[in-house]
Amino acid sequence: MDCGEQYPVDKIIYACEKCGGLLDVQHDTDYLNKTVNKALFDQRLGTFEAPYNSGVWRYKEMIYPDVPNDIVVSRPEGNTNLYRNAKLAAWAGVETLYLKHEGENPTGSFKDRGMTGGVTQARVLGIERVACASTGNTSASLAAYAAWAGLEGIVFFQNKQIALGKLAQAIAYGATGIQVDADFDRNLELVREIADRLGIYVLNSINPFRLEGQKSIMIEVIQQLRWQVPDWIVVPGGNLGNSSAFGKGLHELYDIGLIDRLPRMAIIQADGANPLYRSYKSGFREYEPVHAETVATAIKIGNPVNYKKAVRSLKWTDGVVEEVSDQEIMDAKALIDRQGIGCEPASACTLAGLQKLVRSGIIKPRETVVGILTGHVLKDADAVIDYHSNQLEGIHPQYANKLHQSEATIEALSAILGVPEATPA
Ligand SMILES: *Cc1c(COP(=O)(O)O)cnc(C)c1O
Ligand SMILES: [Zn+2]
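A few points on the structure. All values reported here derive from a predicted model rather than from experimental measurement. (Residues numbered from 1 in each chain as written. Chains lettered and ligands numbered in written order. Predicted model: local features only at pLDDT ≥ 70, side-chain atom pairs only at ≥ 80, totals over all residues. Heavy atoms only, no water.)

**Concerning the pattern of salt bridges**
With the rule as written, the count across this model stands at 24 salt bridges. With a closest N to O distance of 3.3 Å, Glu17 and Lys11 form a salt bridge. Each of Arg58, Lys100, Glu102, Arg113 and Glu220 takes part in a single network of salt bridges with overlapping partners. (Salt bridge = Lys/Arg side-chain N within 4 Å of Asp/Glu carboxyl O.)

**Section: helix α7 (residues 164-172)**
Of all the positions in α7, only Lys166, Gln169 and Ala170 are classed as buried. For α7, the angular spread of buried residues about the axis comes to 95°, placing them on one side. Of the residues in α7, the exposed ones pointing more than 90 degrees away from the buried face are Leu164, Ile171 and Ala172. Just beyond α7, the residue with positive phi is Gly174, at close to 90°. (Buried < 20%, exposed > 50% of the residue type's maximum accessible area, 1.4 Å probe, protein only. Helix = DSSP H or I, 4+ residues; strand = E, 2+ residues; numbered from the N terminus. Arc of directions from axis to C-beta.)

**Topic: the packing of aromatic side chains**
Applying the stated criterion across every chain yields a total of six aromatic pairs. With 4.9 Å between their ring centres and 85° between their planes, Phe41 and Tyr59 make a pair best called edge-to-face. Taken together, the residues span a long stretch of sequence, with Phe41 in helix α2 (residues 38-43) and Tyr59 in the loop between α2 and α3 (60-63) at a distance of 18 residues. The pair Phe41 / Tyr59 is uniform in exposure class, with both members buried. A centroid spacing of 6.5 Å and a plane angle of 25° characterise the contact between Phe41 and Trp227, whose relative ring orientation is stacked. Of the two residues, Phe41 is situated in helix α2 and Trp227 in the loop between α10 (216-224) and β7 (232-236); the sequence distance between them amounts to 186 residues. Of the two residues, Phe41 and Trp227, neither departs from the other in class, the shared state being buried. Chaining the aromatic ring pairs together yields one cluster made of Phe41, Tyr59 and Trp227. (Phe/Tyr/Trp six-rings, centres within 6.5 Å; stacked < 30°, edge-to-face > 60°.)

**Digging into the sheet that holds strand β5 (residues 176-180)**
Here four strands make up an open sheet; going across it, the order is β5-β4-β3-β6 and the pairing parallel. Whereas interior strands pair on both sides, the edge strands pair on one side only; in this sheet they are β5 and β6 (201-202). Lying over the sheet, helix α6 (residues 137-149) contacts β3 (129-134) and β4 (152-158), oriented at roughly 165° with respect to β3. Strand contacts of helix α8 (residues 184-198): β3, β4, β5 and β6, with the helix running at about 150° to β4, the strand carrying the most contacts. (Pairing = 2+ DSSP bridges. Contact = heavy atoms within 4.5 Å. Axes fitted to C-alpha atoms, helices over the stretch in contact; angles between N-to-C directions.)

**Let's talk about the nonpolar core**
Core analysis: the biggest nonpolar cluster contains 85 residues, and Tyr201 and Phe246 have the highest contact counts within it. Among the elements that take part in this core, α6 stands out by supplying six residues, more than any other. Setting aside its immediate chain neighbours within four residues, Phe246 contacts Gln214, Ile217, Met218, Ile233, Val235, Met265 and Ile372. (Core = buried A, V, L, I, M, F, W, Y, C linked by side-chain atoms within 4.5 Å.)

**Here we look at the sheet that holds strand β1 (residues 82-84)**
Strands sit in the order β1-β2-β10-β7-β8-β9 across an open sheet of six strands; the sheet is mixed. Each edge of the sheet is formed by a strand with only one pairing partner; in this case those strands are β1 and β9 (320-324). Taking the axes of each pair of neighbouring strands and ignoring which way they run, one obtains an average angle of 25° across the sheet. Sheet analysis places β7 next to strand β8 (residues 264-270), joined by five bridges and oriented parallel.

Right under this line is the structure:
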């Protein structure tokens, strides 16, 4: 992406050999102009035919046109719901809010959209072992897709603060799991080095084929809105893979004329893991990794590998960056959960950040907003129970739903149920 050097699609490479920069999958615009149109993508809606039944591969021409269909490793992923919710819209201060629930993917997070691209590429390359460092969801996804494709999955975890649901998935799906006494950022360095040495394919989001898959979230949202462009896309930012992929996808949709303007992007970070936010505040003149701490473990990342691509996305979309506290994250999550939608802590940055941006006048009440919910409520069950029982250090739950204890008598139950409970928000 920096110096413009090109490499063939079947070369095993994660960074530019000339300048060390990040790699982009480069599409042939002429080919896309000739083959891609709204009718083609609409016609595939609801099909049972693989891989076009996937919400990633429905857009195959824009994702990975050359790969033979029988090589594609798909569960299938995507086709996630877009919820319009009036209560959460009102709480955030906008008229129209849609939530795109990426927790509805096969393993419960958007990572599946990237993993289908990455594991397919491992097959193209003929590599039998795939690995990643992860805060959790990438591991769960890699483990599942590797198993599905008959490859060995290898996952590096930090040895503390992993949400149990994610660890359980990786182990259940049969990945080789290694807990390393290091944070995510150090684990990523280790994975890259060991993979190099042992000929293992790295599937962290430095892998550009993953970002191609994640790009499909934007295409699918806009297709679900009947090809109308919302004013804002709000997304949590951790390693900034999504932020990077969204900008690229939107730019490509615009280039081939499927949309006539770009939405603005708002990236929301936890204030304890906010290197992009700090850099944004300096007008991108400065960038410094931070030591990350947040209850939202999926975005507990101090040195996002896709920083440069995310900045590019922000420039393309006239985007903004906001930060939110753990308190704001957990309260927003409780509200999303309370609607019957549910999400994991990191996902709730979307709603908390949106409210802040409306209050500061950056997002206007009349503007149409799509918020991305990145992961499923069951990924981090501990966070749910701890919040509602007031066990989260430093957090005072605003919307606690206390679990009742009762003797096995009608009198005791009547004392609890005789008065209907108030509904928050
Ligand atoms: C990976 C992940 C994120 C962070 O996404 P990036 O693309 O790394 O910024 C946010 N939420 C959830 C649930 C995730 O799994
Ligand atoms: Zn280069």
